[in-house]
Amino acid sequence: MLWLHGRVVFSCVLLAVSLACGGGGPPTEKRLSIAVIPMGTTHEFWKSIHAGAVKAAFELDVDIIWKGPQVEDDRAQQISVVEDMIARRVDGIVLAPLDRTGLRQVVGEARKSGIPTVVVDSGLEGSEHISFVATDNRKGGVLGAQRLVETLDGKGKIILMRVIVGAESTMDRVEGFLSEIRKHPGIEILSDNQYGGVTTETAYQVGENLLNRFPDVDGIFCPNESTTFGMLRALTDSGKAGQVKFVGFDSSEKLITALADGRLQGLVLQNPFRMGELGIKTMVGYLRDPTQEPTERIDTGVSVATPENMNDAEIAALLRPPIDEYLD
C-alpha cells in the first residue's frame, strides 16, 4: 500500500508538471496584477476611484492591489509605495500622483523596469506614463466660478481657500476659478492665497481664521472635498452657513445634505468611479496588446450639482456613486 500510494503521488506530480509546462492542455495566460495607488484612502473621492477599479478588475479578470499614503500630502510615502510595487513586479501601476514633479523619477524607474503607469486624477510632468485619465480640472474651476457668480447676482466679496502646493488637479481648479472670476468686475477677491491642507480639521481651522478676518464675506469657493467640508463646518459654527454663498468640489453624504438644505449652493462634480474604471481598462488594454497605442488624455467629465438639479438622474448618480456595491 505504501508503494502504491507513492506511485499515485508521483503520478500526480508528473501531471502537475505536465500541465504547468503546457503538455497536458492549452497554455494559460498569466493573470495580471495591477497596483492602484491613490493620493490617500480616506475621502469619498478615493473610495469611488477604488470602487471603479474593482468593477473593471472583476470584468477583465485581473487582480488589483490598492495601497496609498495615509495622508494626502505625504509624497515620500507615496514614492515608497510605488517603489514597493516595482520590487513586487506588478504588471502595471495606476497612480494619482501627489506632486506633478515629485513622482516623475519613480514613474521613470517603473518604466525602466518594464512596468507601465497610467496616471489618474492629477497630472504628472514628463512622458514616462502611457495615459492620463482625469477631469478637465481647469474647466471645473471655471464652472465653480460661474456658479458662485450666479448665486451672488454678479457682485460681492469672496474668498478662495486652496488645498496644498504641488497637486496639479487642485492647482488647475484654482487657476480656472480665478481666470473666470476676474472677468466679473462686480466681484472682489478678499483672499485667494490661503491653504486649507488635506484634512478637514486643518481646513476647518484655516476656514475659521478666514471668516474671522473677513466677516463681510459674501461668497466662498473651495476646490476639493476636504476643504469644502472643513469650510462648511466653520460656516456652520459661526452661524453663517446659508447666509454666505458657498460652492465646493466633490461629494460626500454630509455635503449632499448641505446642498439639499441650502448651506451649499453648488458642488462641482467629477466622476471618480469612471476614473478608476477607465484607469484599469486602459492599463489592461495596453498590457494585453502593447501594439495598440493608448489614448494619451481621457476626459472623464465635470458637472455642477445645485439644489435645483441634484435629484436629476445624471447628477444623482455622480453625487452617490455605487461604492458599497463594489467595496465590502
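Enquirer: How should I be thinking about the nonpolar core in this particular structure?
Expert: Within the largest apolar cluster, 30 residues are counted, with the highest numbers of intra-cluster contacts made by Ile220, Met231, Phe246, Leu267 and Leu319. Of all elements in the fold, only β6 (156–162), α7 (200–213), α8 (225–238), α9 (253–260), β10 (266–269) and α11 (313–319) reach the threshold of two or more residues within this core. In contact with Phe246, not counting residues within four places along its chain, are Leu148, Ile220, Cys222, Thr228, Met231, Leu232, Leu235, Arg263, Leu264, Gln265 and Gly266. Membership of the second largest hydrophobic core comes to 24 residues, among which are Ile49, Leu98, Val118 and Val133.

Enquirer: Whenever I open this one, the sheet that holds strand β11 (residues 297–299) confuses me. Can you help?
Expert: Spatially, 6 strands are ordered β2-β1-β3-β4-β5-β11 in an open sheet, and the strand pairing comes out parallel. Of all strands in the sheet, those with a lone pairing partner are β2 (63–66) and β11, marking the two edges. Pairs of neighbouring strands in the sheet enclose a mean axial angle of 20°, with direction left out of account. By the bridge criterion, 4 bridges tie strand β1 (residues 33–37) to β2 in an arrangement that is parallel. Paired with Ile34 across the bridge in β2 is Ile64.

Enquirer: Mind showing me how you'd approach the packing of helix α5 (residues 137–151) against helix α6 (residues 168–181) here?
Expert: Two quantities define a packed helix pair, namely the angle between the helix axes and the distance between the axes. Interhelical geometry of α5 versus α6 gives an angle of 40° and a closest axis separation of 6 Å. With respect to each other, α5 and α6 are oriented oblique. The crossing of α5 and α6 is right-handed. Residue-level inspection shows Asn137, Arg138, Gly141, Val142, Gly144, Ala145, Gln146, Leu148 and Val149 of α5 in contact with α6, the latter providing Ser169, Asp172, Arg173, Glu175, Gly176, Phe177, Ser179, Glu180 and Ile181. Of the residues contributing to the contact of α5 with α6, the split by class is 6 nonpolar, 7 polar and 5 charged.

Enquirer: How should the pairing of strand β9 (residues 245–249) be read in this particular structure?
Expert: Every other side chain in a regular strand lies on the same face of the sheet, so the side chains alternate between the two faces. Burial within β9 is extensive, with 4 of its 5 residues counted as buried. In this sheet, β9 lies alongside strand β8 (residues 219–221) in parallel orientation, the contact comprising 3 bridges. Along β9, the bridge assignment pairs Phe221 with Val247. Crossover β8 to β9 through α8 is right-handed. The sheet contact formed by β9 and β10 spans 3 bridges and is parallel. Looking at β10, one finds that Val247 is bridged to Gly266. Once the chain exits β9 it traverses α9 before rejoining the sheet at β10, and the crossover so formed is right-handed.

Enquirer: Help me understand α5 in this model?
Expert: Residues spaced three or four apart along an α-helix face the same direction, because each turn holds 3.6 residues. Helix length check: α5, at 15 residues, gives a terminal C-alpha distance of 21 Å against a target of 21 Å (1.5 Å per residue), a fit within 8%. Phi turns positive one or two residues past the end of α5, at Asp153, with a value near 55°.

Enquirer: Before we go on, may I ask you to explain the packing of aromatic side chains in this structure?
Expert: Centre distance and the angle of the planes are the two values used to describe a pair of aromatic rings. If you walk through the whole model with that rule in mind, you get 4 aromatic pairs. An angle of 5° between the planes, with centres 4.4 Å apart, marks the rings of Phe177 and Phe221 as stacked. Taken together, the positions of Phe177 in helix α6 and Phe221 in strand β8 put the pair 44 residues apart, joining distant regions of the chain. With relative accessibility at 0%, the residue Phe177 sits in the buried group. What makes Phe221 buried here is its relative accessible area of 0%. Here the aromatic rings of Phe273 and Tyr326 are separated by 5.6 Å at their centres, their planes lie at 50°, and the arrangement is tilted. With Phe273 in helix α10 (residues 272–288) and Tyr326 in helix α12 (residues 323–326), this pair connects stretches of sequence that are 53 residues apart. Residue classification places Tyr326 among the partly exposed positions, given a relative accessible area of 23%. Each residue in the set Phe177, Phe221 and Phe249 is aromatic and connected to the rest through ring pairs, giving one cluster. Across from the ring centre of Phe249, 4.3 Å away, lies the NZ or CZ of Arg173, which sits over that ring.

Each value, and the rule that gives it
Residues numbered from 1 in each chain as written. Predicted model: local features only at pLDDT ≥ 70, side-chain atom pairs only at ≥ 80, totals over all residues. Heavy atoms only, no water. Core = buried A, V, L, I, M, F, W, Y, C linked by side-chain atoms within 4.5 Å. Buried < 20%, exposed > 50% of the residue type's maximum accessible area, 1.4 Å probe, protein only. Helix = DSSP H or I, 4+ residues; strand = E, 2+ residues; numbered from the N terminus. Contact = heavy atoms within 4.5 Å. Pairing = 2+ DSSP bridges. Axes fitted to C-alpha atoms, helices over the stretch in contact; angles between N-to-C directions. Parallel < 35°, antiparallel > 145°, perpendicular 65-115°, else oblique. Left-handed = near helix turned anticlockwise from the far one by under 90°. Nonpolar A, V, L, I, M, F, W, Y, C, P; charged D, E, K, R; others polar. Right-handed = clockwise from strand over helix to strand, strands pointing away. Expected span 1.5 Å × (residues − 1). Phe/Tyr/Trp six-rings, centres within 6.5 Å; stacked < 30°, edge-to-face > 60°. Lys NZ or Arg CZ within 6 Å of the ring centre and 35° of its normal.

None of this, on its own, says anything about what the molecule does.
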